[in-house]
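# Topology and contacts: notes
Here is how the chains run, residue by residue.
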Amino acid sequence: MGNGLRFKTARDLFMACPAAARDMQTLPTDQRSIDFCRDLLAGRVPEEAITFCAYLLPDRAAVWWAHECLGHLSELLDETDQKLLALVSNWVSEPSSAHHRAALGQAAAVPPTTPGAWIALAARWRDNGLGTGGSVGRTNLPPALQPLPAAHAVNAGVLAGLARVALADRFAVLSAFVEMGLQMAEIEALRQSADAY
């Protein structure tokens, strides 16, 4: 199924999303995206598998994946993060709702300092077109000056949540998050191929 992913290889992902190279140290290969991600998980810096998943998924799916990851850590999140995740959930279910967009915009206006705030910011960036490459003239900017994609905020939010997990449990939780992300990427690929017919 990995051939139907939006990025067939890791190199394809890095070519399409230059910001991924700013968020990761591992260099891309021509390896299939799923295999590359699993190798990252088994590698020296397994957290890069989270980063790769954030970029592998389409923005809206990445925001939902992050929401689901943090939902598994609810006992480690405060009330503010819980409220932010509820706003994100509402936005994902109805992204065109003016009410949900306005509520999310207000919530994401504060600087991201918590996992939920990062995910709200990712949704806001995606909603405003900043995370989609849709800005006119944006590709003419040098990579260091281009706005960061929603995947960057998704990555920051999931990793911030993961940092709250007890060290003894962290790799198991990280692995579960990565597997969930890869499954979502495959489901998205199936959905998009079905939509194409």
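Look above for the structure.
Residues numbered from 1 in each chain as written. Predicted model: local features only at pLDDT ≥ 70, side-chain atom pairs only at ≥ 80, totals over all residues. Heavy atoms only, no water.

## A look at the packing of helix H5 (residues 59-71) against helix H6 (residues 79-93)
What counts is decided by this rule: Axes, fitted as lines to C-alpha atoms, cover a helix only where it is in contact. Angles between the N-to-C directions of the axes lie from 0 to 180 degrees. The helix and strand labels rest on DSSP assignments: H or I over at least four residues marks a helix, E over at least two residues marks a strand, and numbering proceeds from the N terminus. By convention, the crossing between two helices is left-handed when the near helix turns anticlockwise from the far helix through less than a right angle, and right-handed when the turn is clockwise. Whether two residues are in contact is decided by their heavy atoms: any pair within 4.5 Å suffices. When residues are grouped by polarity, Ala, Val, Leu, Ile, Met, Phe, Trp, Tyr, Cys and Pro land in nonpolar, Asp, Glu, Lys and Arg in charged, and all others, Gly among them, in polar.
In contact at an axis separation of 10 Å, H5 and H6 are set at 145° when each is read in the N-to-C sense. With respect to the hand of their crossing, H5 and H6 are arranged in left-handed fashion. Contacts from Arg-60, Val-63, Trp-64, His-67 and Leu-70 of H5 reach H6 at Leu-85, Val-88, Ser-89, Trp-91, Val-92 and Ser-93. Along the lines of polarity and charge, the residues of the contact of H5 with H6 split into seven nonpolar, three polar and one charged.

## Quick word on the packing of helix H3 (residues 33-42) against helix H4 (residues 47-56)
Where we set the bar: Angles below 35 degrees are treated as roughly parallel, those above 145 as roughly antiparallel, those between 65 and 115 as roughly perpendicular, and all remaining angles as oblique.
Running from amino to carboxyl end, H3 crosses H4 at an angle of 155°, the nearest separation of the two axes being 7 Å. Considering the angle they form, H3 stands roughly antiparallel to H4. Residues Ser-33, Phe-36, Cys-37, Leu-40 and Leu-41 of H3 touch H4, and the partners they reach there are Glu-48, Ala-49, Phe-52, Cys-53 and Leu-56. Within the contact of H3 with H4, the residues separate by chemical class into eight nonpolar, one polar and one charged.

## A look at the side chain of His-152
What counts here: Note on exposure labels: buried denotes an accessible area under 20% of the residue type's maximum, exposed denotes more than 50%, and partly exposed covers the range between, all computed with a 1.4 Å probe on protein chains only. Under the rule applied, a polar contact is a pair of N or O atoms within 3.5 Å (in protein, one hydrogen donor and one hydrogen acceptor; residues adjacent in sequence only if both atoms are side-chain atoms).
With respect to the helices and strands, His-152 occurs in helix H9 (residues 150-162). A relative accessible area of 18% places His-152 in the buried class. Here Asp-23 takes part through its side chain, which lies 2.9 Å from a polar atom of the side chain of His-152. The contacts of His-152, once residues within four sequence positions are left out, are Asp-23, Tyr-55 and Trp-125.

## Brief notes about the pattern of salt bridges
Pairing is possible between side chains of opposite charge, provided their charged atoms come close. Keep this limit in mind: We define a salt bridge as a contact between a side-chain nitrogen of Lys or Arg and a carboxyl oxygen of Asp or Glu at a distance within 4 Å.
The full count for this structure, using the stated rule, is five salt bridges. Between Asp-35 and Arg-32 there is a salt bridge, and its shortest N-O distance comes to 3.1 Å. As a salt-bridge pair, Arg-38 and Glu-179 come within 2.9 Å of each other at their nearest N and O atoms. You can see Arg-38 sitting in helix H3 and its partner Glu-179 sitting in helix H10 (residues 167-196), a full 141 residues away along the chain. Overall, the relative accessible area of 37% leaves Arg-38 in the partly exposed class.

## As for the side chain of Thr-9
Residue position: Thr-9 is located in the segment before helix H1 (10-16). For Thr-9, the contacting residues outside a window of four places in its chain are Thr-29, Asp-30, Gln-31, Arg-32 and Ser-33.

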